[in-house]
Amino acid sequence: MKLLSYIKQWKSAARETIARASIAAQFLSLIHITDAYICSTTLVQGPSMLPTLNYSGDVVLIEHLSHRLGKLEPGDIVVVRSPVDPKKIVAKRIVGMEGDRVTYLTEPSYSESSRTVLVPKGHVWIQGDNVYASADSRYFGAVPYGLIQGRAFLRVWPIRDFGFLG
């Protein structure tokens, strides 16, 4: 009799444990899907996006849908895996889309010479807002659409600068 009682208790405890583990797994899956495919945060720092983003760093919200749906446009700030160093993620502004002609200063610090390029199919032309301190498409060329991680749309930190990015 006692053995039957213990088995029923263990069965009940096992069911409750499995139910709670299932809820935890669903919650963690939801967090992963949201972070990878819908929206995430990232720290953006450095001089290349001055004055739009702070040198010391801003935490921005990145949405991951626009680039998958082909809804990016010139003027959007995007987070891109660096074509030069794939371990790095950089934030830049889209200046040209595939098929656009982009004219840029080759060495803005030293001369006024410019160059015009045609952005190839499946690529975007990105540049930092601070042309004097930005390694961007002027140096490594147009960036394949596949390297875009998402579009930055909201600065969440520092709180005094909270707001949408244009």
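A quick note: this is a predicted structure, and the numbers were derived from the prediction, not measured.

Draft legend 1. Spotlight on the UniProt feature "domain: Peptidase S26" (unreviewed entry) in the protein chain. In the numbering used here, UniProt assigns the feature "domain: Peptidase S26" (unreviewed entry) to residues 26–104 and 114–157. Segment residues 26–104 splits into 22% helix and 37% strand. End C-alpha atoms: 49 Å apart. Overall, residues 114–157 shows 9% helix and 50% strand. The separation of its end C-alpha atoms is 36 Å.

Draft legend 2. Geometry of the pattern of salt bridges. On inspection of all chains with the given rule, the structure shows 5 salt bridges. We note a salt bridge from Arg-93 to Asp-129, for which the minimum N-O separation is 2.9 Å. One end of the pair, Arg-93, is in strand β4 (residues 89–96); the other, Asp-129, is in the loop between β7 (123–127) and α3 (137–140), and 36 residues separate them in sequence. Asp-136 is the salt-bridge partner of Arg-138, the closest N and O atoms lying 2.8 Å from each other. For Arg-138, a relative accessible area of 9% puts it in the buried group.

Draft legend 3. A look at the environment of Thr-52. With respect to the helices and strands, Thr-52 occurs in the loop between β1 (39–44) and β2 (58–63). Given a relative accessible area of 21%, Thr-52 falls into the partly exposed group. Discounting chain neighbours no more than four positions away, the residues touching Thr-52 are Asp-58, Ile-77, Arg-93, Asp-129 and Arg-155. A distance of 3.4 Å separates a polar atom in the side chain of Thr-52 from a polar atom in the side chain of Arg-93.

Draft legend 4. Spotlight on the side chain of Asp-76. Relative to the helices and strands, Asp-76 resides in the loop between α2 (66–69) and β3 (77–81). Despite being buried, Asp-76 has no salt bridge partner; Arg-151 is the closest side chain of opposite charge, sitting 4.5 Å away. Contact partners of Asp-76, with chain neighbours within four places excluded, come to Lys-71, Lys-92, Arg-93, Ile-94 and Arg-151.

Cut-off values and rules
- Residues numbered from 1 in each chain as written.
- Predicted model: local features only at pLDDT ≥ 70, side-chain atom pairs only at ≥ 80, totals over all residues.
- Heavy atoms only, no water.
- UniProt positions renumbered as here; feature names shortened; annotations may be inferred.
- Helix = DSSP H or I, 4+ residues; strand = E, 2+ residues; numbered from the N terminus.
- Salt bridge = Lys/Arg side-chain N within 4 Å of Asp/Glu carboxyl O.
- Buried < 20%, exposed > 50% of the residue type's maximum accessible area, 1.4 Å probe, protein only.
- Contact = heavy atoms within 4.5 Å.
- Polar contact = N/O pair within 3.5 Å; in protein donor to acceptor, adjacent residues only side chain to side chain.
- Lys, Arg positive; Asp, Glu negative; His and termini not counted.

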